[in-house]
Amino acid sequence: MLNPIYTISKIADILNAEVKLFDAQTIIQYLVIDSRSVLVPENSLFFALSSHRDGHEFIKDAYSKDIRNFVISEKKYIEQYTDCNFIVVDNVLKSLQKLAIEHRKHFDLKTIGITGSNGKTIVKEWLYQLLATDFDIVRSPKSYNSQIGVPLSVWQIDSNNTLGIFEAGISAVNEMEDLAKIIQPQIGILTNIGEAHAEGFSSKKEKLIEKLKLFKDVELLIYSPEYVTEINFKKLPGKKHFSWSSRQAADLRIIAVEPIEGNCYLRAIYQDREIECMLPFKDKASIENGMICWATLLALGYSPEQADTRLEKLSHVSMRLELKNGINQCSIIDDSYSADISSLAIALDFLNQQNQHPKKTVILSELFETGQDDLDLYTEIADLLAQKKVNRLIGIGTHLSRYAELFKCETQFFEDTNAFIEAFPGLQFNHETILVKGARRFGFGRISKLLTQKIHDTVLEIDLNAMAGNLQFYRSKIKPGVKIMVMVKAFSYGSGSFEIANLLQFHKVDYLAVAYADEGIALRKAGITLPIMVMSPEESAFDAIIKHNLEPEIYSLEILNSFLNALSDYRFDYPIHIKIDSGMHRLGFDQKEIDQLAELLKDAQRLKVQSIFSHLVASGEAEHDGFTQKQIEKFKETANLLIAALGYKPLLHIANTSGISRWPDGQMDMVRLGIGLYGFDSALVHNRGLQTVMVLKTTVTQIKTLEPGETVGYSRSGVMPDGGKIATVKIGYADGYGRAFGNGVGKMLINGHLVPTIGSICMDMTMLDITGIDAKPGDEAIVFNHEHTIMQLASDINTIPYEILTNISQRVKRVYFYE
Ligand SMILES: *Cc1c(COP(=O)(O)O)cnc(C)c1O
């Protein structure tokens, strides 16, 4: 079978669309949805998809990156760019999907479709590991499972492939049918059905029925009866079924799950006999994902013995890039899990988002791409590195060095990882961002270890994708044209400084706000160019504020006068922000001061009022809605007085996170997003729709068995009348785990069990009562995550999530994840 060749005119025919072609013979190989990541512009087709931002806004940017082929729904662009090919359609997303459906029709490869609430990506990656020796597999890159991700995944199929493994995720009804048409799976896997992403559905049953639509025409469905209780099982799609369960009758009936060391030993009844397998994992999620893979191998006809040998060799799938602090002030992006061109492109995009160091280095292993000529492959990589402005390439592997002259940046090559490690003491790494990216067999973990500062055993993990998801959630709530300012004060609510600001700058928020000048200066030094408002500008910092182009909040006549004193006579239109007190009674001008303020401002040509704002005191609390309404009115009234006197209209803003959720009328010209970005909103029941951003973890240092009557810790406050077992973990009040959590008030998760503290919290350590629970030194203790939440911690000690977050001290290392 040959791969289809798509010219732009053929694509126009497929889409049955109106066209304006400049060169009808242009060959299209790549579909692009984001103008920021383009591999080969001349063979790329840009789809102007609209989500919160209209994709047409990015045509200009795509054009500047040499893209000349576009699918659009607004004709007016045709006139503006005369040397381009345009395909004009009603619905750009549907056209992308239609093209993928047409592409899929050319191939009759075996296809596995995976859906479910959790585990889709891991099951897909593991099946890839398990089946790669028998098939030439094409699979969704990372977790591309959305309405957009699925067509892009399917577009990768080529004639060499003998198996496709694709995941499909949905967030609302009526989405799955389209995905089913694109994937056309013969084998279906339902991983599980949980509570996640329930907001787009009226019930769990509705969600299940929608997901099952992926399997409408499958030959074989692999599922667990535990997750389909809502429907009559006769109604399950699929000609044949294969079920697995550890609780009820099933084709693969798991009867024992025994953790041994770091592994887990499973036993089951299958075809009337007892079989077994070993998984090299022991956490709950991995065990379930392992069971699904086990069931799939058996359902595909592998013998229990073959399945066991393969499952035992599964390796951890870390789909995530990790950003952490390195030696000599470097930032390290660690991606030592895979090396293929699509994940390299994603990693380079992330490298490119980092502004904190001007210099960028990539340490790269050889890549293996099936069906691509090496010269083509390395030419593509060299172009990509040049495009992402990489300054230095360190290539590892004999093969890679053969293509050395393709790379235009500074280069160094090593035969293998060991050779690099031997040379390491003589190499220079200083004030730069380093991407470490290698295929698993190169063992790049050793390289990132050399480059990374020692990570203490207590780590705050920050999920940048979840944060971007939360930003998107609020964007979907604000009206078109309303700007968004993100509050990154107090070290971004404890989560980080430039790491967060880089993400926000990449996602094009309009403004940042910090509490103090220092925080703003740190962001400027890390290359952040967004406008930054400083809420508590101190007189002593005025010079620094001006030097770094930060924009002070002006809340009193005194501060206005002293800022004017600091500003040189030759400045013109320096941006400031006027704070109105509408009821908080903290900082800000009262209505009666407006005349005087206006008088001063009118004559001050050196200043420009960029915005006028106020702050709501109880936007999330229904019992104060009357007061909030009054605040909004009073603010508008006061702001209007000032606007009338100024003669121009600055941006008006008053809504914080829960203001965005509950007060659409309060959106005005801009909103100020704070805690919502980090996953909390008191206006949403259980923070529904928001994702967990932060996980705080520590480790067990020692385990002790106590006799009846012995006590634990200072002042003997932890009493064990019946004796028992305790675990000491490496976190204390100096890390931000306050004394209020002592004596059983706080709990942590150890090996899946929630266990209480015992005795007082110490400065650097905490003791937990783990009586009856298996644990050993080195085990992980989770202080909070999506299951044991910050909300719970806050309620345990009678405070609010804001305080829990911002208390986590700077000595706790932050690690950032990005998929
Ligand atoms: C912190 C802060 C916000 C953000 O509040 P959240 O409740 O976290 O959204 C908004 N405006 C001002 C003036 C703030 O100080």
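No experiment lies behind these values; they were computed from the predicted model shown.

1. Section: the overall build of the protein
The helix and strand inventory of the protein stands at 26 helices and 38 strands. Relative to its length of 819 residues, the protein is compact, with a C-alpha radius of gyration of 29 Å against a globular reference of 28 Å. Its C-alpha atoms give the protein principal-axis dimensions of roughly 85 × 85 × 65 Å. A fraction of 64% describes how many contacts in the protein between residues 6 or more apart in sequence connect residues 24 or more apart. Counting every atom, the protein has about 35,100 Å² of accessible surface; 49% of that belongs to carbon and sulfur. Distance from the positive charge centre (86 side chains) to the negative charge centre (102 side chains) of the protein: 1 Å.

2. A look at the UniProt feature "binding site: substrate" (unreviewed entry) in the protein
The positions UniProt marks with the feature "binding site: substrate" (unreviewed entry) are Arg 586 and Met 763. In summary, the annotated positions, distributed over 178 residues, remain apart in three dimensions as well, the widest C-alpha pair reaching 33.7 Å. Lining the second largest pocket, from the residues just named, are Arg 586. Relative to the assigned elements, Arg 586 resides in the loop between β26 (574-579) and α22 (594-603). Setting aside residues up to four positions removed in sequence, Arg 586 forms contacts with Lys 579, Asp 581 and His 615. Here Met 763 shows up in the loop between β35 (753-756) and β36 (766-769).

3. With respect to the layout of surface pockets
The calculated volume of the second largest pocket comes to roughly 780 Å³. Lining the second largest pocket are 32 residues, and of these Lys 489, Tyr 493, His 615, Asn 656 and Tyr 802 sit closest to its centre. Contributing elements (two or more residues each) for the lining of the second largest pocket: α17 (489-493), α24 (657-662) and α26 (801-807). Split into classes, the residues belonging to the lining of the second largest pocket amount to 15 nonpolar, 10 polar and 7 charged. Split by domain, the lining of the second largest pocket shows at least three residues from each of two domains, domain 4 (462-686) and domain 5 (694-817).

4. Structural notes on the site of the ligand
Within the structure, the ligand sits among Met 487, Lys 489, Tyr 493, Met 535, Arg 586, His 615, Asn 656, Thr 657, Arg 672, Gly 674, Ile 675 and Tyr 802. Here a nitrogen atom of the ligand and a side-chain polar atom of His 615 are 3.4 Å apart. Within the backbone of Gly 674, an N or O atom sits 3.2 Å from an oxygen atom of the ligand. For the ligand, whose free accessible area comes to 390 Å², the fraction covered by protein is 94%. With respect to the detected pockets, the ligand is housed in the second largest pocket. Its residues assigned to classes, the shell around the ligand shows 5 nonpolar, 4 polar and 3 charged.

5. Re the side chain of Thr 417
Tracing the chain through its elements places Thr 417 in helix α14 (residues 417-423). Take Thr 417: its relative accessible area is 4%, and that puts it in the buried class. Among the polar contacts made by the side chain of Thr 417, one reaches the main-chain carbonyl oxygen of Phe 442 at a distance of 2.6 Å.

6. Quick notes on the domain arrangement of the protein
The domain architecture assigned to the protein consists of domain 1 (8-94), domain 2 (107-311), domain 3 (322-452), domain 4 (462-686) and domain 5 (694-817). Taken over C-alpha atoms, the centre of domain 3 sits 39 Å from the centre of domain 5.

7. Describing the UniProt feature "modified residue: N6-(pyridoxal phosphate)lysine" (unreviewed entry) in the protein
In this structure's numbering, the residues bearing the UniProt feature "modified residue: N6-(pyridoxal phosphate)lysine" (unreviewed entry) are Lys 489. Along the chain, Lys 489 turns up in helix α17. Classification of Lys 489 as partly exposed rests on a relative accessible area of 26%. Setting aside residues up to four positions removed in sequence, Lys 489 forms contacts with Ala 513, Val 514, Ala 515, Glu 519 and Met 535.

8. Considering the packing of helix α5 (residues 120-131) against helix α9 (residues 284-299)
The interhelical angle for the contact between α5 and α9, taken along N-to-C directions, is 45 degrees, at an axis separation of 10 Å. Regarding the angle of α5 to α9, the classification is oblique. Crossing angle aside, the handedness with which α5 passes α9 is right-handed. Note on element contacts: α9 touches α5 through Ser 286, Asn 289, Gly 290, Ile 292, Cys 293, Thr 296 and Leu 297, opposite Ile 122, Val 123, Trp 126, Leu 127, Leu 130 and Leu 131. Grouping the constituent residues of the contact of α5 with α9 by class yields 9 nonpolar, 4 polar and no charged.

9. Thoughts on the nonpolar core
In this structure, Leu 512 and Ile 578 are the most contacted members of the largest nonpolar core, which totals 139 residues. Per element, the largest residue contribution to this core is 8 residues, and it comes from helix α11 (residues 341-353). Of all hydrophobic cores here, the second largest spans 68 residues; its members include Leu 109, Trp 126, Met 176 and Tyr 227.

10. A few points about the sheet that holds strand β13 (residues 263-270)
Sheets are built from strands that pair by backbone hydrogen bonding, the pairs being arranged parallel or antiparallel. Pairing in this open sheet of 9 strands is mixed, and the strands run β7-β8-β6-β9-β10-β11-β12-β13-β14 from one edge to the other. The sheet terminates laterally at β7 (137-139) and β14 (273-279), the two strands that pair on one side only. Taking each pair of neighbouring strands and ignoring which way they run, the sheet shows an average axis angle of 20 degrees. Where strand β10 (residues 220-223) and strand β11 (residues 240-245) come together, 4 bridges link them in parallel fashion. Within β11, the residue paired with Leu 220 across the bridge is Lys 240.

11. Points about the environment of Lys 483
Secondary-structure assignment places Lys 483 in strand β22 (residues 483-487). Spatially, the C-alpha atom of Lys 483 lies 50 Å from that of Ala 423, the residues being 60 residues apart in sequence. For Lys 483, the residues in contact, after removing those within four places along its chain, are Asp 510, Leu 651, Asp 669, Met 670 and Val 671.

12. Points about the pairing of strand β16 (residues 331-335)
Among the 5 residues in β16, 5 count as buried, and that is most of the element. Between strand β15 (residues 321-325) and β16, which follow one another and run antiparallel, lie 5 residues, and Asn 328 among them has a positive phi close to 45 degrees. As paired strands, β16 and strand β20 (residues 432-437) are joined by 5 bridges and run parallel to one another. Bridge assignment links Ile 333 to a residue of β20, and that residue is Leu 435.

Scoring rules and cut-offs
Residues numbered from 1 in each chain as written. Predicted model: local features only at pLDDT ≥ 70, side-chain atom pairs only at ≥ 80, totals over all residues. Heavy atoms only, no water. Helix = DSSP H or I, 4+ residues; strand = E, 2+ residues; numbered from the N terminus. Rg over C-alpha atoms; globule rule 2.2 N^0.38 Å. Contact = heavy atoms within 4.5 Å. Areas by Shrake-Rupley, 256 points an atom, 1.4 Å probe, with all protein chains shown as cover. Lys, Arg positive; Asp, Glu negative; His and termini not counted. Charge placed at Lys NZ, Arg CZ, Asp CG, Glu CD. UniProt positions renumbered as here; feature names shortened; annotations may be inferred. 1 Å grid on protein atoms, 1.4 Å probe; cavity = no way out; pocket = protein on both sides within 12 Å on 5 of 7 lines; lining within 4 Å. Points joined across faces, edges and corners; volume = space filled by probe spheres on them. Nonpolar A, V, L, I, M, F, W, Y, C, P; charged D, E, K, R; others polar. Domains from an automatic or database assignment. Near = heavy atom within 4 Å. Polar contact = N/O pair within 3.5 Å; in protein donor to acceptor, adjacent residues only side chain to side chain. Sits in = over half its atoms within 2 Å of the grid points. Buried < 20%, exposed > 50% of the residue type's maximum accessible area, 1.4 Å probe, protein only. Axes fitted to C-alpha atoms, helices over the stretch in contact; angles between N-to-C directions. Parallel < 35°, antiparallel > 145°, perpendicular 65-115°, else oblique. Left-handed = near helix turned anticlockwise from the far one by under 90°. Core = buried A, V, L, I, M, F, W, Y, C linked by side-chain atoms within 4.5 Å. Pairing = 2+ DSSP bridges.

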